[in-house]
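Here's the letter readout for the chains.
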Amino acid sequence: RRTKLNLVLGELGIEYAKLLNFDYSPLNRNKKYLPRLLYISNLGAFFYNCNTVKFTPSFSMKDKEMFTITARKFIGVLDINGIDYLTYHISEEHDNRYITSVIYDIQKERKYKNIIVLVNDIQRLNINDFAFGNNQVLIIEDTEENRERLKCLNSINWSELIKEQYKNKVYLSEYNFCDYT
């Protein structure tokens, strides 16, 4: 049924979803939460038929009994070619306080060492604020073209590519902060 500009499950739709054991989120009337749900739905729909990327939304992961988990800012996890990336979104509506809370959220993260931050306007961010001791923190401008590129992330064998490109001029590095010299 339609509620203003949004389509939601009616009573029969909820019964049908329960009958087929589908997961669904009940209608949330918080107007500030609606853009977040729409974005999560959009991202999930974009990667739905993709073989290399699986998206798990945050509402499927968060324990609703623990406020410290429900208050976290991540929107879900992108599994890209077998590597999990905790994913955040910063839109033009988010203020500097929200950006600071995302940075703090990433700093206190212990489970995921790979992070993706999708940003509508990358100029708003100071990239140095996102330099952590994680494996990867990728700040990506959220465009359809960049979403397509995410599908190929981790599918490139860099060592083979470097060996092929440079032949005998490349050696394993003696430094722990780089792979090759």
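Our structure is the block above this text.
What you see is a predicted model, and the numbers here were worked out from it, not measured in a lab.

**Q** Any details on the sheet that holds strand β4 (residues 76-80)? Residues and values, ideally.
**A** One open sheet accounts for five strands, arranged β3-β4-β5-β6-β7; its pairing is mixed. The open sheet has two free edges, formed respectively by β3 (53-57) and β7 (136-141), since each of these has just one partner strand. The mean angle between the axes of side-by-side strands here comes to 25°, regardless of whether they run parallel or antiparallel. Examined bridge by bridge, β3 and β4 share five bridges and lie antiparallel to one another. Looking across to β4, one finds that V53 is bridged to I80. Of the strands in this sheet, β3, β5 (83-90) and β6 (114-119) touch helix α2 (residues 34-46), which is tilted by about 155° from β3. Of the strands in this sheet, β5 and β6 are in contact with helix α5 (residues 96-108), which crosses β5 at around 165°.

**Q** Mind laying out the nonpolar core, listing which residues take part and the relevant values?
**A** Judged by nonpolar contacts, the single largest core of 17 residues is most densely connected at Y88, I90, V117 and F130. Looking at this core, the elements that each hand over two or more residues are β5, α5 and β6. For this core, the element with the most residues is α5, which contributes five residues. The contact partners of I90, leaving out residues within four places of it in the chain, are Y98, I99, V102, V117, L118, V119, N120, R124, L125 and F130. Core analysis: the next-biggest nonpolar cluster, separate from the first, contains 15 residues, Y39, I40, I75 and L78 among them.

**Q** Requested: an account of the side chain of S58, with residues and values cited.
**A** Along the chain, S58 turns up in helix α3 (residues 58-61). Taking the relative accessible area as the measure of exposure, S58 reaches 1% and is therefore buried. Contacts of S58, omitting those with residues within four sequence positions, involve R36, I40, F74, I75 and G76.

**Q** Account for a negative patch on the surface, with residues named and values stated.
**A** The grouping of E92, E93, D121 and E141 at the surface amounts to a negative patch. With respect to the helices and strands, the residue E92 is situated in the loop between β5 and α5.

**Q** Tell me about the packing of aromatic side chains, residues and numbers included.
**A** Enumeration according to the criterion identifies one aromatic pair in this entry. Ring centres of F46 and F47 lie 5.0 Å apart, and the angle between their planes is 85°; on these two criteria the pair is classed as edge-to-face. A residue is classified by how much of its surface remains accessible, and F47, at 3% relative accessible area, is buried. If you follow R147 out to its NZ or CZ, it ends over the ring of F46, 5.4 Å from the centre.

**Q** Can you explain the pattern of salt bridges? Please cite residues and give values.
**A** In this structure the tally under the stated criterion is five salt bridges. A salt bridge links R72 to D105; the nearest nitrogen and oxygen atoms lie 2.6 Å apart. You can see R72 sitting in the loop between α4 (67-70) and β4 and its partner D105 sitting in helix α5, a full 33 residues away along the chain. No difference in accessibility class separates R72 from D105, as the two residues are buried. Measuring nitrogen to oxygen at the nearest pair gives 2.9 Å for the salt bridge that ties R147 to D142. In terms of burial, R147 and D142 fall into one category: buried.

Conventions we followed
Residues numbered from 1 in each chain as written. Predicted model: local features only at pLDDT ≥ 70, side-chain atom pairs only at ≥ 80, totals over all residues. Heavy atoms only, no water. Pairing = 2+ DSSP bridges. Helix = DSSP H or I, 4+ residues; strand = E, 2+ residues; numbered from the N terminus. Axes fitted to C-alpha atoms, helices over the stretch in contact; angles between N-to-C directions. Contact = heavy atoms within 4.5 Å. Core = buried A, V, L, I, M, F, W, Y, C linked by side-chain atoms within 4.5 Å. Buried < 20%, exposed > 50% of the residue type's maximum accessible area, 1.4 Å probe, protein only. Patch = residues over 30% accessible without salt bridge, like charges linked within 9 Å, V, L, I, M, F, W, Y side chains within 5 Å. Areas by Shrake-Rupley, 256 points an atom, 1.4 Å probe, with all protein chains shown as cover. Salt bridge = Lys/Arg side-chain N within 4 Å of Asp/Glu carboxyl O. Lys, Arg positive; Asp, Glu negative; His and termini not counted. Charge placed at Lys NZ, Arg CZ, Asp CG, Glu CD. Phe/Tyr/Trp six-rings, centres within 6.5 Å; stacked < 30°, edge-to-face > 60°. Lys NZ or Arg CZ within 6 Å of the ring centre and 35° of its normal.

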